[in-house]
Structures are given as C-alpha cells and as structure tokens.
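# Survey of secondary and tertiary structure
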Amino acid sequence: MNFLEAKKVIFEYVRRGKDGEVDGFKRAIDEVDLDISQGDFIAILGPNGSGKSTLAKHFNSLLHPTEGTIYVDGCDTTDADKIWDIRKSVGMVFQNPENQMIGTIVEEDVAFAPENIGIDPEEIKQRVRESLVMVEMQDHRKSSPSKLSGGQKQRVAIAGVLAMHPKCIVLDEPTAMLDPEGRREVIRAVRALNDVENITIILITHNMEEAVYADRIYVMKDGRIAMSGTPREIFSRVEELEECRLTVPQVTKLAYELRKGGLDIPSGILTREELCRAICR
Amino acid sequence: MSIIVNHVDHIYNPGTVFEKKALNDVTFSVENGEYIGLVGRTGSGKSTLVTHLNGLMKPTGGGIYYDGVDISSDGYDIKALRGKVGLVFQYPEHQLFEEDVFADVCFGPKNLGLKETEIELRAYEALKAVGIKDEQFYVSPFDLSGGEKRRVAIAGVLAMKPEVLVLDEPCAGLDPAGREEILALADHLHSSLNITVIIVSHSMDDLAEHVERILVMNDGMLVMDAPTRVVFGHRAELEAMGLAVPEVTAILSDLKKAGLPVRDDLITIEEARSEILRVFGK
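Below or above, wherever it landed, is the structure these notes cover. (Residues numbered from 1 in each chain as written. Chains lettered and ligands numbered in written order. Predicted model: local features only at pLDDT ≥ 70, side-chain atom pairs only at ≥ 80, totals over all residues. Heavy atoms only, no water.)

### Let's talk about the overall build of chain A
Quick note on the threshold: The helix count covers DSSP runs of H or I at least four residues long, the strand count covers runs of E at least two residues long, and both are numbered beginning at the N terminus. Exposure categories follow from relative accessible area, calculated using a 1.4 Å probe and restricted to protein chains: below 20% of the type maximum is buried, above 50% is exposed, and the middle band is partly exposed. Here, residues are in contact when the closest pair of their heavy atoms is within 4.5 Å. The accessible surface values rely on the Shrake-Rupley method and a 1.4 Å probe; as for residues, cover is taken only from the protein chains in view.
In terms of regular secondary structure, chain A is built from 11 helices and 10 strands. Dimensions of chain A, computed from C-alpha atoms along their principal axes, come out at roughly 65 × 50 × 40 Å. The buried share of chain A, taken over its 281 residues, is 53%. A sequence separation of at least 24 residues applies to 63% of the contacts in chain A between residues at least 6 apart. Accessible surface for chain A amounts to roughly 12,700 Å². Of this, 45% is attributable to carbon and sulfur atoms.

Here's what the structure looks like:
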C-alpha cells in the first residue's frame, strides 16, 4: 500500500443560518482519489475555494471524510487509536509562521512538540539540533523568533515539524507572505528535505514557479481533481489552467510566445536554464 | 494631493535596549496621480513608512507634507487626512464584519457623518468600481470568494473617496486570476479615477507589469527611487538586498551573459518576446 491513499473522498460542510439551524450542505471535496508514494514531492494547485486546504486537513486527521476513506501509512485516518501516530507521521506548516510559534527562543519553539509527547530530554536536544541543521537555522538557535525574517521564521516552523520525525510534511501556501529571498530559502529547504531525507512533501501553492520542482501536480477545481500529471505535462495545458484561474510560470509563458513567434524551441520549458539552453543552442 | 516625505526618521523604543531605527532619513515626494510600487525585505520599514502616510504614526524626526502643509503641525485635521489617504492592510477581508456587503461598505462613510443618500451613493459607486455585481450587494460578505471579499474590503476604503490609496500586499494568498483582477482594479483606480496608488508587494513580476515608479527600502533607508525600468536594471544590488528582478529580466540578463546580443533592461513578457525575436531576425 502506498504512503497516502484517498479513495472517493467526499467532504461536506454544514451551512447554518443566523439562528444556527441547518441551512444546507456545501460539498468542499468531491470524490477525490489520490495515490502518493513515500518520498514523492507533490504540488497541489487550484483557485481560492477549490478545496485544497480542506483536503490537506484530511491528511493528518484534522478533518474526516464524509464519505470515502483516506489511508496514511497504512492507517485509516478515522481510526481513533491511530490518530496520534498519523499526526506524528504527517506534519503541517501553514501560511503564517507566527501562528504556529510558541517558544521565546528558537530552540524552545522547535522542542515544543517532542516535549509534548514525552520524549527523553537528551533525545529532544539531539532532534532539535538536527532539525535546525536541516533547515540551516542552527546559528539562530538562541535567537528570539520575533527577531527573524519571514523566511527564517517559516524555516523554524518547518524545523518544529521535523523534530517529530515525520514521514510527510504538508505545506499550505508556506511562501505567500514572504519576500523573494524568504521564498527561495523555504523552497530550497523543502527540496532538500525531499531529496536528502526522502520526506514526502505535499506543497499547496498559488505560485506556479514553485510547483515546477514537484514530481507530480494535482490541480483542484470545485472540490475535484481537475488535472494531474508531471509539471511538464500540466504546464503545457495553458488553456485548461486558465479555466481553473491558474497560469503557467513566466518562463513557460515566454517560451510559448517565442515558439508562436517562429523560434524553434521545444514545448514544456520550465526553468530559466532550460530556456537559455534552448535559445542559445 | 502631492506628498512630501522630508528626512523622516522613526525610532521605536528610543533610549531603551530595544531601540530600533525603523525609518532612517527617508525623503521622497509623490505627485498627484502617480502609480508607485514599494518593495523591500520583511522588516525593511515598508509598513512603518506606510502607516506614517496617513498619520497613524508620527515621525520622530523630519516631517510629512500634504499639499505643502505639515501634518504634524498644530490644528491639522488628521481625521480628514485619513479620509483622503486610504490604507488597505494585508488580508483586509479579515476586517469585514457587517451582515451584508452593502452595509459593510457603508460603515466608513457613515462615520464621516454624511447624509444617508450620500452614504448609499458612495457605497454603490465603490462596489461598482471594484466590480461587485448588484445581486451580491445583500449577501453576507462571508459567502463570497477570497478575491471578492478582498474587493469588498477595498470598496470600503474607496467609499471614503480617497485621493491616495495604499495597498499593502493586495494579492497575497489569491490565485493567479484573482491577482490579475486586483491589479486590474488598481490600474483602473489609477487611470480612470486619477487616484494616487501605492502598492506594497513582494512580487516583482506583478510590479513590472503595472506600476510606473518603484521605491526600494532596505534596513530603514530608501535606497532606490526611480522609474520601474531603471530600478530593475540593478539586478545585482536588488539580489544582494534579498529582492529580485522580474523573471523575464533575469532571463534576458542570462542570455546576454551567454553571449546573445539582447538588451537586458526590459521587464515584461511582451517586451522580452519582441527583443528575442528581433535578435533572431523574426
């Protein structure tokens, strides 16, 4: 069985009127099937309100499907006995790192989760050290989180998740509030965790450039998986993406325009290096 | 309304160990109807600067002048200024609170003590300006999409009839189509209503396609102030500050380095396309 499997998952929110009476149901997730292997780097794209974040909250049992099932690391996410195992193996990182910072210095913050599950203090120290090294924040271990830049805060939040030794990290728009350098730092850290530590990454983003690094992209629309494929496949379907209120990376857009203009450039260009090679060859 | 920011300093917690110079001798002026981008790393002083523009914060040194008058001078009507200089903060939709969209947009002008008909006219015009449809006027703001909520929040500020509008990260968290809608709205406010628009953003690609002039803040200082194209000609300096140039500008400069005789001072996809095709004689 794969690391994460979703089978015909449906999730409905109950809508309530002013007096709390049930007003109807809204289907946020509509028959979603997923099949994600350990070590995959997955990007989930989709317009606002398409169900991306709702789906993500199913991956560590914060929400349970109304219908269908989700298996994480072989456990049904609705199995009450397994819920803590699931939350240990799937960590979440949200848009605003400040919302998940508790400690007054970086080290304390990273130690918070393992302390909560009663891990041996020596072991915690080691985990904190390793986690901070992985996101290249070891030099700031004694700093106050409030003194850090946005990208640094977000990397501390990731280290906090890493200290739980997760098999998978779900990141919900982790760079939306960051400056260009902060974005680069966070994406670099995430890719390294995937490459070096073989941690499964599920990245939800509105930034097409970030999705280029994924092994596979899922595009959500109206609670369904509207498209899935490799970045090269997905980003060659410009019109379908635009119907989903999405776009392609700037590089891909320019390559497409140049090809239309008569230059002999292969389709599916995703990075600056690829485009330069294709033009200068 | 012309703005002059004259040698403005702002020091947080002066005289304590937490003393921090958030603004350091910042000087620039803005003519009526300009379209400006404000960039800088997190913590560079952008938000501190912006909150000075409508008198929410006062400079600890230097002064800010609107139409030649110092806003810190005795008897200056700071309340009237806040109506004229609209600030749209990050995630402004978090400030929506009324039962329906129309009531929410009426909230600001109601506080100005205007007549009922004037308030409603302003709310109507503001909602039309941001492209909200009539049938959405009386729905709960919480039933709208992310992009729509944000446009309603902007309408709330527009209903104050500002002459200057500052948008702090107006596209954060929106899908690409939503980003385009908000930026098209900023274009419209600038070109059709002649409002001075200042956009604070981390997206160089967005700014390249829209604003005419860019201010760059670094460590509390204003380090660049020039037309968009000129600012993006300084790739090395911007990258050293943790910023970036638009993706297409970076591509052109890579091509130039690889020996292709292209200009690298272009900033939009359309410009880059024509330039590369020109070099290949297409």
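This is not the end of the story, as more comes after the structure.
### Section: the overall build of chain B
Let me state the cut-off plainly: Our radius of gyration is a C-alpha quantity, and the globule rule it is checked against amounts to 2.2 Å times the number of residues to the power 0.38. We treat Lys and Arg as the positive residues and Asp and Glu as the negative residues; His and chain ends play no part in the count. The atom standing in for a charge is NZ when the residue is Lys, CZ when it is Arg, CG when it is Asp and CD when it is Glu.
The secondary structure content of chain B amounts to 11 helices and 10 strands. Against the globule reference of 19 Å for 282 residues, chain B gives a C-alpha radius of gyration of 20 Å, in line with a compact fold. Its C-alpha atoms give chain B principal-axis dimensions of about 65 × 55 × 35 Å. Taking all 282 residues of chain B together, the buried fraction comes to 55%. Put simply, of all contacts in chain B between residues at least 6 apart along the chain, 61% involve residues at least 24 apart. Each charge class in chain B was averaged separately, 27 positive and 44 negative side chains, and the resulting centres sit 2 Å apart.

### Here's the deal with the side chain of Thr-48 of chain B
Residue and element names in this part refer to chain B. As a reminder, the rule being used: Contacts described as polar in this section are N or O atom pairs within 3.5 Å, which, within protein, must combine one atom able to donate a hydrogen with one able to accept it, while residues neighboring in sequence count only if both atoms come from side chains.
With respect to the helices and strands, Thr-48 occurs in helix H1 (residues 46-53). One polar contact links Thr-48 to Tyr-12, side chain to side chain, over a distance of 2.9 Å. For Thr-48, the residues in contact, after removing those within four places along its chain, are His-10, Tyr-12, Ala-22, Leu-23 and Met-57.

### Topic: the interface of chain B and chain A
Note the threshold: Here the buried area means the combined drop in accessible surface, using a 1.4 Å probe, for two parts upon being joined, counting both sides. Just to be clear on terms, a salt bridge is a Lys or Arg side-chain nitrogen sitting within 4 Å of an Asp or Glu carboxyl oxygen.
At the interface, 36 residues of chain B touch 37 residues of chain A. Summed over both partners, the interface of chain B with chain A buries about 3,200 Å², with 61% contributed by carbon and sulfur atoms. Per-residue buried area on chain B facing chain A is highest for Asp-175, Pro-176 and Ile-269 of chain B; these three make up 17% of the total on that side. If you look at where chain B meets chain A, you find six salt bridges. Taking the shortest distance from any N to any O, the salt bridge between Glu-181 of chain B and Arg-245 of chain A comes out at 3.1 Å. Applying the counting criterion to the chain B and chain A interface returns 12 residue pairs in polar contact (both at pLDDT 80 or more). Per-element tally for the side of chain B that touches chain A: the top contributor is helix H10 (residues 247-257) of chain B, with six residues.

### A word on the sheet that holds strand E8 (residues 200-204) of chain A
In a beta sheet, neighbouring strands pair by backbone hydrogen bonds and run either parallel or antiparallel. All names here are of chain A. To keep things clear, this is the line we draw: Pairing between two strands requires that DSSP report at least two bridges joining them. Interaxial angles span 0 to 180 degrees and are taken between N-to-C directions of axes, which are lines fitted to C-alpha atoms, for helices over the stretch in contact.
Strand order in the open sheet formed by six strands is E6-E7-E8-E3-E9-E10, with mixed pairing between adjacent strands. Among the strands making up the open sheet, the edge pair consists of strand E6 (90-93) and strand E10 (224-229). Across the sheet, the mean angle separating the axes of adjacent strands is 20 degrees when strand polarity is ignored. As judged from the four bridges shared by E6 and strand E7 (residues 168-172), these two strands associate in the parallel manner. Its bridge partner being in E7, Val-93 is matched across the sheet by Leu-171. Contacting E6 and E7, helix H5 (residues 150-162) runs over the sheet at an angle of about 165 degrees to E6.

### Details of the nonpolar core
Our working rule: Side-chain atoms within 4.5 Å are what join buried Ala, Val, Leu, Ile, Met, Phe, Trp, Tyr and Cys residues into a set we call a nonpolar core.
Core analysis: the largest hydrophobic core is formed by 52 residues, its most contacted members being Leu-127, Ile-199, Val-216, Phe-232 and Leu-238 of chain B. In terms of residue count, helix H5 (residues 146-158) of chain B provides more of this core than any other element does, six residues in total. Discounting chain neighbours no more than four positions away, the residues touching Phe-232 of chain B are Met-204, Ala-208, Ile-214, Leu-238, Ala-244, Val-245, Pro-246, Thr-249 and Ile-267 of chain B. Met-101, Ile-169, Ile-187 and Ile-234 of chain A belong to the second largest nonpolar core, which has 47 residues in total.

### Thoughts on the state of the cysteines
Which entries qualify depends on this criterion: Any cysteine sulfur atom paired with another within 2.5 Å is treated as part of a disulfide.
Scanning all chains against the criterion turns up zero disulfides over all chains. Cys-171 of chain B supplies the cysteine sulfur nearest to Cys-244 of chain A, a cysteine that is in no disulfide, at a spacing of 20 Å. The exposure class assigned to Cys-244 of chain A is buried, which follows from its relative accessible area of 4%.

### Comments concerning the pairing of strand E8 (residues 196-200) of chain B
Residue and element names in this part refer to chain B. Where we set the bar: With its strands directed away from the observer, a crossover is right-handed exactly when the path from the first strand over the helix to the second travels clockwise.
Of all five residues in E8, five are buried, a share of seventy percent or more. Side chains Thr-196, Ile-198 and Val-200 project from E8 onto one buried face, and the interleaved Val-197 and Ile-199 project onto a second face that is buried too. Note: strand E7 (residues 164-168) against E8, five bridges, orientation parallel. Looking at the pairing, Asp-168 lines up with Val-200 of E8. Taking the sense of rotation as the criterion, the β-α-β connection linking E7, helix H6 (residues 176-191) and E8 turns out right-handed.

### Some remarks on helix H11 (residues 269-279) of chain B
Of the positions making up H11 of chain B, those classed as buried are Ile-269, Ala-272, Glu-275, Ile-276 and Leu-277 of chain B. Residues of H11 of chain B that are buried make contact with helix H10 (250-260) and helix H11 (272-280) of chain A together with helix H7 (204-210) and H10 of chain B. Residue Gly-281 of chain B follows H11 of chain B closely and has a positive phi angle near 65 degrees.

### Points about the packing of aromatic side chains
Rules: Put simply, two rings from Phe, Tyr or Trp (the six-membered ring, in Trp's case) pair if the centres are within 6.5 Å, and we call them stacked under 30 degrees between planes, edge-to-face over 60, tilted for the rest. Charge-over-ring contacts are defined here by two conditions on Lys NZ or Arg CZ: a distance within 6 Å of the ring centre and an angle within 35 degrees of the ring normal.
With the rule as written, the count across this model stands at six aromatic pairs over all chains. Plain terms: the ring middles of Tyr-124 of chain B and Phe-137 of chain B are 5.9 Å apart, the flat faces sit at 75 degrees to each other, and that makes the pair edge-to-face. Here Tyr-124 of chain B, found in helix H4 (residues 116-129), pairs with Phe-137 of chain B, found in the loop between H4 and H5; they are 13 residues apart in sequence, far enough to count as distant. The partly exposed category is assigned to Tyr-124 of chain B, whose relative accessible area is 38%. For the pair Phe-137 of chain B and Tyr-138 of chain B, a centre-to-centre distance of 6.5 Å together with 65 degrees between the ring planes defines the contact as edge-to-face. Across from the ring centre of Trp-84 of chain A, 5.5 Å away, lies the NZ or CZ of Arg-87 of chain A, which sits over that ring. Here Arg-150 of chain B stacks its cationic end above the ring of Tyr-91 of chain B, 5.3 Å away from the centre of that ring.

All quantities given are derived from atomic positions and should not be read as evidence of function.
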